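Spelled out, the chains give:
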Amino acid sequence: MRAKGFLLEILSFAFWAALVSTSLWRSNGLHDQQVRDVAEARARMLFTMVETMRLWNASHGGLYATVDDSNQPNPYLDVLERDVEIFGRPYTKINPAYMTRQLSEMFRARKGMQFHLTSANPIRPANAPDAWEATTLAGFAAGGREVFELTPVEGGQAFRYMAALTVEKPCLQCHAKQDYRLGDVRGGISVSLPAAPVIAELEPQRHHTILVHGVGFVLLWGASLLFIARLKQSWRGLAAARADQDRLITERTAELRAAVDDLARSNAELEQFAYVASHDLQEPLRMMGTYAQLIERRYAERLDDEGREFIGFMTEGAGRMRAMIDDLLAYSRVDRGPPVFAAVDSELALDTALANLAAAVTESKAAVVRPSVLPLVWGEAAPLARLFQNVVGNALKYRHPDRPPRVEVTVATDKAGWATFSVRDNGIGIPEDCRERVFQIFQRLHARGAYPGTGIGLAIAKKIVERHGGSIWIEAAGDGGSVFRFTLPLAK
Ligand code: HEC
């Protein structure tokens, strides 16, 4: 979990770092574009100014200015009235190109932006283009009108702009001789703008952007870290809760297991006791019975009637006790040893049971109805036969005095893997409040003389059913009899 949290921290760092650096990279690109845009706007502005001034000059057919060191007559200007005198002072005509040159020189002195008038085949050789201008002019000849570029220059980089100069009407006054025509492109003005100052001028903006991104990154990542910390906290809470739950379950399971173990142990002890007691009681009981018989045989004449009656009670009591002990042994044997289950044909179990009951069936003239096919169940063959025998035998035993007994066995299976057997009789029936009691050991509903037996058959039946994981219960049959139902697992 620690590692998971750490991984999240790294991941969130990577995520925001990637996002912020992408944004920064994009902003940087935009900033560079902005620098270019600013430089281009300035260059174009300068060009427009110069072009407009030139047009103004041309529209006056050139302008006169006094001759001095910086303004000598232009040897390339081939007009009659180039040099004049007004009030004794010499004046000379300044054509647009000459004015452009003078302005350009003044500009150069101030450093920074520069411009240059040029043409592919100049009247004045110094107006010849440099390499860059030559290429650009060639581009204009092919139809271009404007070029803007960042180019390497001496001592750094410069933005260079150049636009075409088109021939307008006033230009023809002087240039008609060179075959200039209206709308022709006969040259251009190139503007050069050192890159460094523009970049420097806009640099604070870039710094600001970087700062904003840095702060943004720190804030976003910080927020993520906070969120992750919260997340980890809730994870820890969850894990603690789960551990608590696990511990509780383990504890409860252990307690439950201990209780079950205790129960099983005391149960086993009890059974062992019952088994040992009944087993060990057999011997003295046999002795008692034998000697009672001995007294009866040898000393009968010497006893009076009352004495013989007492001996009779004794023998009978010993006999009944033996029967009970035998039954008790049978009862405790049901659960001795671990179950060894296999697929058992319940049909065979019922066959065996009915064979064992043949005498009782004949004697009671009972009608036993059973299905021709019974399912395979999962259990132990002998106890299952015993189960059928006890339940069917019970139905035969408690028959109604007024009608011949009829026992009907049916079975239903369900999807959950269980078979429910029903044994319906038309006997004397069992009152509802006694239906639990009949399954208890040695519990009888009737006086001892009325029906034979110790009253253990159904207790054994219940034990066998429960050993197979099933349950057994009694319902009332419509005609006054009872229906015994029990469930057994189907063989897989
Ligand atoms: C008053 C006369 C005059 C007028 C008007 C005039 N020019 Fe010129 N132009 C010249 C002379 C002379 C030169 C030659 C060299 C110099 O002065 O630099 C020249 C040079 C040029 C050059 C430079 C290349 C070269 O041949 O040296 C260009 C381009 C040019 N003119 C375009 C124009 C245009 C476009 C107009 C109209 C706006 C115009 N000129 C108006 C006289 C004139």
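Bear in mind the structure is a predicted one, so any value in this text is a computation, not a measurement. (Residues numbered from 1 in each chain as written. Predicted model: local features only at pLDDT ≥ 70, side-chain atom pairs only at ≥ 80, totals over all residues. Heavy atoms only, no water.)

When its secondary structure is counted, the protein shows 10 helices and 14 strands. Overall, the C-alpha framework of the protein stretches about 200 × 45 × 35 Å when taken along its three principal axes. Expressed as a percentage of its 492 residues, the buried residues of the protein come to 32%. Across the protein, the fraction of contacts at a sequence separation of at least 24, relative to all contacts at a separation of at least 6, is 68%. Across the protein, 57 positive and 57 negative side-chain charges occur, with their mean positions spaced 2 Å apart. (Helix = DSSP H or I, 4+ residues; strand = E, 2+ residues; numbered from the N terminus. Buried < 20%, exposed > 50% of the residue type's maximum accessible area, 1.4 Å probe, protein only. Contact = heavy atoms within 4.5 Å. Lys, Arg positive; Asp, Glu negative; His and termini not counted. Charge placed at Lys NZ, Arg CZ, Asp CG, Glu CD.)

Structurally, the protein comprises domain 1 (2–201) and domain 2 (339–489). Using only C-alpha atoms to locate each centre, domain 1 and domain 2 end up separated by 119 Å. (Domains from an automatic or database assignment.)

Moving on to the packing of aromatic side chains. Inspection of the entire model under this criterion finds 11 aromatic pairs. Arranged with centres 4.8 Å apart and planes meeting at 70 degrees, the rings of Phe15 and Trp16 form a pair that is edge-to-face. Classification of Phe15 as partly exposed rests on a relative accessible area of 47%. Here Phe388 and Phe421 contribute two aromatic rings whose centre-to-centre distance is 5.4 Å and whose plane-to-plane angle is 85 degrees, an arrangement assigned as edge-to-face. Of the two residues, Phe388 is situated in helix α9 (residues 381–397) and Phe421 in strand β12 (residues 418–425); the sequence distance between them amounts to 33 residues. Members of the aromatic cluster, each reached through a chain of ring pairs, are Phe13, Phe217 and Trp221. Taking the ring centre of Tyr331 as reference, the NZ or CZ of Lys463 above it sits at 4.0 Å. (Phe/Tyr/Trp six-rings, centres within 6.5 Å; stacked < 30°, edge-to-face > 60°. Lys NZ or Arg CZ within 6 Å of the ring centre and 35° of its normal.)

Taken together, the 3 strands give an open sheet; going across it, the order is β1-β3-β2, and neighbouring strands pair in antiparallel fashion. Two strands lie at the open edges of the sheet, namely β1 (63–66) and β2 (83–86), each paired on one side alone. Averaged over all pairs of adjacent strands, the angle between their axes in this sheet comes to 40 degrees, without regard to strand direction. Sheet analysis places β1 next to strand β3 (residues 89–94), joined by 4 bridges and oriented antiparallel. Residue pairing for β3: Tyr64 is matched across the bridge by Lys93. (Pairing = 2+ DSSP bridges. Axes fitted to C-alpha atoms, helices over the stretch in contact; angles between N-to-C directions.)

Once that is clear, we can look at the sheet that holds strand β13 (residues 472–476). Strand pairing in a sheet is mediated by backbone hydrogen bonds. Such pairs are either parallel or antiparallel. Pairing is mixed across the open sheet formed by 5 strands, whose spatial order is β9-β11-β12-β14-β13. What marks the edges here is a single partner per strand, and that holds for β9 (367–369) and β13. Here the average twist between neighbouring strands, direction ignored, is 20 degrees.

Let's shift gears to a nonpolar patch on the surface. A grouping of Leu211, Val215 and Leu219 is seen on the molecular surface, where their side chains present a nonpolar patch of about 310 Å² in accessible area. Summarising the element assignment, Val215 is placed in helix α5 (residues 195–299). (Patch = residues over 30% accessible without salt bridge, like charges linked within 9 Å, V, L, I, M, F, W, Y side chains within 5 Å. Areas by Shrake-Rupley, 256 points an atom, 1.4 Å probe, with all protein chains shown as cover. Salt bridge = Lys/Arg side-chain N within 4 Å of Asp/Glu carboxyl O.)

Once that is clear, we can look at the site of the ligand. Around the ligand, 23 residues are found, and the nearest of them are Arg101, Ile123, Cys171, Cys174 and His175. The contact in question runs from an oxygen atom of the ligand to an N or O atom on the side chain of Asn95, over 3.0 Å. Between an oxygen atom of the ligand and a side-chain N or O atom of Asn127, the distance comes to 2.8 Å. The site holding the ligand turns out to be the largest pocket. Elements with a contribution of two residues or more to the shell around the ligand: α1 (2–59), α2 (96–109) and α4 (172–175). (Near = heavy atom within 4 Å. Polar contact = N/O pair within 3.5 Å; in protein donor to acceptor, adjacent residues only side chain to side chain. 1 Å grid on protein atoms, 1.4 Å probe; cavity = no way out; pocket = protein on both sides within 12 Å on 5 of 7 lines; lining within 4 Å. Sits in = over half its atoms within 2 Å of the grid points.)

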